[in-house]
Each structure stands twice: as structure tokens, then as C-alpha cells.
Amino acid sequence: MKGTPTVVNDVMTRRVVALRSGAAFKDIVRTMQEWRVSALPVLDDGGRVVGIVSEADLLPKEEYSEADVDRYGQEGRKADAVTAGELMTAPAVAVTADATLARAARVMARRRVKRLPVVGADGTLQGIVSRSDLLKVFLRDDPDIAEDVRCEVAERLFGAHAEAIRIEVRDGVVTLTGRVHETALIPLAARLARAVAGVVDVHCALSGPPRHPDLDPDLPDPQRWAPA
């Protein structure tokens, strides 16, 4: 995949079907079926996202359809609802296009949703980002990941000494080997490498400079650092 996806704007879907608050129940179901989606954003007259209608919002219509079932609470009210404005969950949980992929993933996990509307500063709909969109970052080629690790981690932390670091990437797993002078930076190098877009895991086998017995006979040979 070209480029380095780091924010929602890089992976979001820009062609999005949406509803007006007056959309009828059957039209909502029909639209979900036609577009093969399980949730739809609801917009006001200004194109701002005011809520989300999902399959879960529609199911109470079936669940409470039996005449002998008492309807109560939010589910009961949704069973009687007939428009998107009455059915939707509001306010909508959304993100902006400049939100990081990590932030979007955290919002999805915490709010237990599968997709998020992407809105501008004025709340207007710009796109939608789904779980599958966030996973696109792991389709990056290994050479691209290796280049980013070298530029963003090795050269950033170790400068001219970065050439001594060997970086191998296979199926998104990064392996760092070699000796560095600043051993205190080795744990940070592993953490930064793990944060590079598309990295699945990091194996850090960096070590400090070799011991010189004639100059520091009382010092042990530096140990390789490995994460706990």
C-alpha cells in the first residue's frame, strides 16, 4: 500500500450513504440491505451528523411485536418508532479526519461500535471509518516498514551510529540487531518501532558496545536488552 497511513483521513471511506431524520422504517431497512451495511449516519438539514441508526436500533420492532409483551423503557419506545430520528442513537459517536488510527481504534473499543462517522469541524459528514479500514495499515509492505523504522527510530535515536543497526522485517514483525553506544535508549527504540504503522511485533536484540578489558577490566560485558 502506498504511503504511510497514520490518521483516519488515510483509510476512511468517502462515499457514504446517510439518512435524513424523517426516513421511514422500511426505507432504512431497504437501504441497509442495498448497501450491505449494518448502521447508517443520520443527518440534519445542514448535513451534520446527529445520530446513528443500527440494526440493533431496529430489532426492538420485531422483539416487541407480540401484543402480549409489555413495552417499557428505551427498547419499548424504539419498538413504536417509525422514523430514523426516533430510532437513532444520539448523539453520534464520531471522529475527525485528523484523528490517529490508534485513537479511532480506542473509541471503537470503548464504545463497542464497528464503525464511526468522520466529521469536519462543523459536524458535517466527511466519510466513515470501520474496523476493517483500520486494519488496512497491516497491509503495508515489509520494505516500507523497514524504511520507516530506520528513519523514525534508528536515525532519530542514534544519529550517525544508526548504520550499525540491522533492521529486518518479515510479515510485519521487526527484528533489531547490532550494537549501540547509548544502551539506555534501547528500550525506547523497541517502543518506537512498535508504534510504526503496520508493525505487528518487535524483537529487539540490540546490545551495548563491546567491553574493552584493558580499559575497563572491572566492568561486565554489556548484556543484550530484551523486553520483560
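Residues numbered from 1 in each chain as written. Predicted model: local features only at pLDDT ≥ 70, side-chain atom pairs only at ≥ 80, totals over all residues. Heavy atoms only, no water.

Novice: In this structure, what is going on with the sheet that holds strand 4 (residues 95-96)? I would like to understand it.
Specialist: The pairing of strands in a sheet happens through backbone hydrogen bonds and is either parallel or antiparallel. With mixed pairing, three strands are arranged side by side in an open sheet as 4-5-6. Looking at strand neighbours, the two that pair on one side only are strand 4 and strand 6 (125-130), the edges of this open sheet. Judged from the two bridges that link them, strand 4 and strand 5 (residues 115-119) form a sheet pairing that is parallel. Residue pairing in the sheet places V95 in a bridge with V118 of strand 5. The sheet contacts of helix 7 (residues 101-111) involve strand 4, strand 5 and strand 6, and relative to strand 5 the element is tilted by about 130°. (Pairing = 2+ DSSP bridges. Helix = DSSP H or I, 4+ residues; strand = E, 2+ residues; numbered from the N terminus. Contact = heavy atoms within 4.5 Å. Axes fitted to C-alpha atoms, helices over the stretch in contact; angles between N-to-C directions.)

Novice: I tried to follow helix 2 (residues 25-35) on my own but got confused; where do I start?
Specialist: Spacing of three or four residues puts side chains on the same side of an α-helix, whose turn is 3.6 residues. Among the residues of helix 2, those classed as buried are F25, I28, T31 and M32. Buried residues of helix 2, seen end-on, are gathered within an arc of 130° and therefore sit on one face of the element. Turned more than 90 degrees away from the buried face of helix 2 sit K26, Q33 and E34, all of them exposed. Downstream of helix 2 by a residue or two, R36 has a phi angle that is positive, lying close to 55°. (Buried < 20%, exposed > 50% of the residue type's maximum accessible area, 1.4 Å probe, protein only. Arc of directions from axis to C-beta.)

Novice: When you look at unusual backbone geometry in this model, what are you seeing that I'm missing?
Specialist: It is generally the case that most residues other than glycine have a negative phi and that most peptide bonds are trans. At the junction of A90 and P91, the peptide bond is cis and its omega measures out at -5° in the coordinates. Mapped onto the secondary structure, P91 falls in the loop between helix 6 (84-87) and strand 4. For R112, which is not glycine, the phi dihedral falls at a positive 55°. Looking at the element boundaries, R112 is found in the loop between helix 7 and strand 5. The class of R112 is exposed, set by a relative accessible area of 75%.

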